[in-house]
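# Structural overview for review
Next come the chains, spelled out residue by residue.
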Amino acid sequence: IRGSASDACPTKPPHLAALPGRRSGRRQSRATFAMSDQLSYPDLVLDPSIRDWVLIPIFVIMFLMGILRNNVTKMMRSSEKTKRDTVQQNNLLMRARRLRANAGWVPAAAFAARKHHFCDKEKGLLMQKQDAPNPMAAMSDPNMMSKMMQGNMAMMVPQMLMMVIIPHFFSGFVLGKIPFPLTPSFKGMLQRGVNLSTLDTAYITSMSWYILAMFGMRGLYSIVLGAGSTTDDSALMQQQMGMAAGGGQPGQQPDYNKLYAAEAENLQITEHKFHLSAAEEKLLRGGKADGVTARGKAKRA
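Residues numbered from 1 in each chain as written. Predicted model: local features only at pLDDT ≥ 70, side-chain atom pairs only at ≥ 80, totals over all residues. Heavy atoms only, no water.

### Things to note about the overall build of the chain
Note the threshold: Strands here are runs of E lasting at least two residues and helices are runs of H or I lasting at least four, both read from the DSSP assignment and numbered beginning at the N terminus. Partly exposed residues are those whose accessible area sits between 20% and 50% of the maximum for their type, while under 20% is buried and over 50% is exposed, using a 1.4 Å probe and protein chains only. Contacts are assigned to residue pairs that have any heavy atoms within 4.5 Å of one another. For every accessible area listed, the method is Shrake-Rupley and the probe measures 1.4 Å; residues are considered covered only by the protein chains on display.
In terms of helices and strands, the chain carries 15 helices and two strands. Across the 301 residues that make up the chain, the buried fraction comes to 23%. Within the chain, counting contacts between residues at least 6 apart in sequence, those at least 24 apart form 71% of the total. As displayed, the chain has an accessible area near 22000 Å², and 61% of this comes from carbon and sulfur atoms.

### Some remarks on the nonpolar core
Going by this rule: Among the buried residues, those of types Ala, Val, Leu, Ile, Met, Phe, Trp, Tyr and Cys that are joined through side-chain atoms within 4.5 Å form a nonpolar core.
Membership of the largest hydrophobic core comes to 16 residues, with the highest contact counts inside it found for Val54, Ile58, Met62, Met162, Ile166, Tyr210 and Met217. Mapped by element, the contributors of at least two residues to this core are helix 4 (48–76), helix 8 (142–170) and helix 10 (206–216). Considering every element that reaches this core, the biggest residue donor is helix 4, with six residues. Beyond its immediate chain neighbours, meaning those up to four positions away, Met62 contacts Met162, Tyr210, Ala213, Met214, Met217 and Tyr221. In this structure, Ala96, Val106, Cys119 and Tyr256 belong to the second largest nonpolar core, which totals 14 residues.

### Quick notes on the confidence of the model for the chain
What counts is decided by this rule: The quantity called pLDDT is the predictor's confidence in a given residue, expressed from 0 to 100.
Here the chain averages 74 in pLDDT, and 69% of its residues register 70 or above. Confidence, expressed as mean pLDDT per element, reaches its minimum in the chain at helix 1 (residues 2–8) with 39 and its maximum at helix 6 (residues 108–119) with 92. Taken together, the stretch residues 287–301 has pLDDT below 50 and engages in five contacts with residues farther than four places along the chain or on a different chain.

### Considerations on the pattern of salt bridges
Filter applied, for reference: A carboxyl oxygen of Asp or Glu within 4 Å of a side-chain nitrogen of Lys or Arg is what we treat as a salt bridge.
By the definition in use, this model includes five salt bridges. Ionic pairing is found between Arg51 and Asp52, a salt bridge with its closest N-O pair at 3.2 Å. Note on Arg51: relative accessible area 48%, which makes it partly exposed. Judged by relative accessible area, Asp52 falls into the partly exposed class, the value being 39%. Salt-bridge contacts for Glu281 lead to Arg285; the nearest nitrogen and oxygen are separated by 3.8 Å. Residue Glu281 and its partner Arg285 are both found in helix 14 (residues 279–285); the two are separated by four residues, about one turn of the helix. Sharing partners across several salt bridges, the network here consists of Arg97, Arg100 and Glu263.

### Description of the packing of helix 6 against helix 13 (residues 256–268)
To keep things clear, this is the line we draw: The axes are straight lines fitted to the C-alpha atoms, using for helices just the contacting stretch, and the angles between their N-to-C directions are given from 0 to 180°. Angles below 35 degrees are treated as roughly parallel, those above 145 as roughly antiparallel, those between 65 and 115 as roughly perpendicular, and all remaining angles as oblique. Should the near helix be turned anticlockwise from the far one by less than a right angle, the crossing is left-handed, and should it be turned clockwise, the crossing is right-handed. Three classes are used: nonpolar for Ala, Val, Leu, Ile, Met, Phe, Trp, Tyr, Cys and Pro, charged for Asp, Glu, Lys and Arg, and polar for all others, with Gly counted as polar.
In contact at an axis separation of 10 Å, helix 6 and helix 13 are set at 155° when each is read in the N-to-C sense. Relative to helix 13, the element helix 6 is oriented roughly antiparallel. By crossing handedness, the relation of helix 6 to helix 13 is classed as left-handed. Across from Phe111, Lys115, Phe118 and Cys119 in helix 6, the residues of helix 13 making contact are Ala264, Leu267 and Gln268. Of the residues in the contact of helix 6 with helix 13, the class split is five nonpolar, one polar and one charged.

### Things to note about helix 4
Quick note on the threshold: To estimate how far a helix should reach, multiply one less than its number of residues by 1.5 Å. The quantity called bend is, for any residue, the angle between two axes fitted respectively to the seven residues ending at it and the seven beginning at it.
With 29 residues, helix 4 should reach 42 Å at 1.5 Å per residue; the first-to-last C-alpha distance of 42 Å fits that figure. At Pro57, helix 4 shows its strongest bend, of approximately 30°. Within the sequence span of helix 4, burial applies to Ile50, Val54, Ile58, Met62, Phe63, Met65, Gly66, Arg69, Asn70 and Thr73.

### Remarks on a nonpolar patch on the surface
Selection rule: Note that patches include only residues with greater than 30% relative accessible area and no salt bridge, and the join distances are 9 Å for like charges and 5 Å for nonpolar side chains (Val, Leu, Ile, Met, Phe, Trp, Tyr).
Residues Ile56, Phe59, Val60, Leu64, Leu220, Ile223 and Val224 make up a contiguous nonpolar surface patch of about 610 Å² in total accessible area. Secondary structure elements with two or more residues in the nonpolar patch: helix 4 and helix 11 (218–225). At four residues, helix 4 tops the list of elements feeding residues into the nonpolar patch.

### A few points about the environment of Gly66
Its location among the elements puts Gly66 in helix 4. For the pair formed by Gly66 and Met155, sequence separation is 89 residues and the distance between their alpha carbons is 9.9 Å.

Next up, the structure:
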């Protein structure tokens, strides 16, 4: 048995026979690991027609769908008249916040008088009790319910159409490669629709490009449509998640008692420091002012 085993095993070369077994094993493992990396992540040569018939059409379709949704939302939105009490309450909050933000540009006596006008316990504007909002008023209003349904339809219907169109016409394409390496945990986000374990994580598929562009076109919409556009999907989702987490209902009026109490507390703890208290000294300490005063003293002398 010993003789057959020694005959079956090939003899080592003389330059490898003298090396220790551990070191040679490590070198072989590193070489096989490097070869496996080269074999598992080959470089792909992408067809330029993919850019013209897949990447650019997805971008154009999403942009036009966003413009269409913005126009439809504006047409469905009805003009409402703001109540006078709501405008007065919002203006009062804005005045208090501006006073707190620009307190350094107001003298100490003027700031104290304005602070007393807002935070006095008996006659302060922020200390006056306001009517508490009814949490069920918004849900019982049929107009508010219809507006909620219209807003949800304006957001969900275009997304449903896009989720049908994009996989049907543009699925299974590799569009490009990110110029920096990524870990395999990003494969599910960047390579949707193409299930290849040997594909490098840096490559982006058409479905992933659609999802990334959907959340990344906010700046383009703000430039083309203006700041008041209703095409930001991420903002709408965050708004809905915030209402669900906070327990508030859409269309519900805020509790001005809590807002006034918080603003009064912030205004009371504001430290006043007048920026123009030593304006003359700061001007005279400047280089230009020192030169002017030195010349004036020389002429007088």
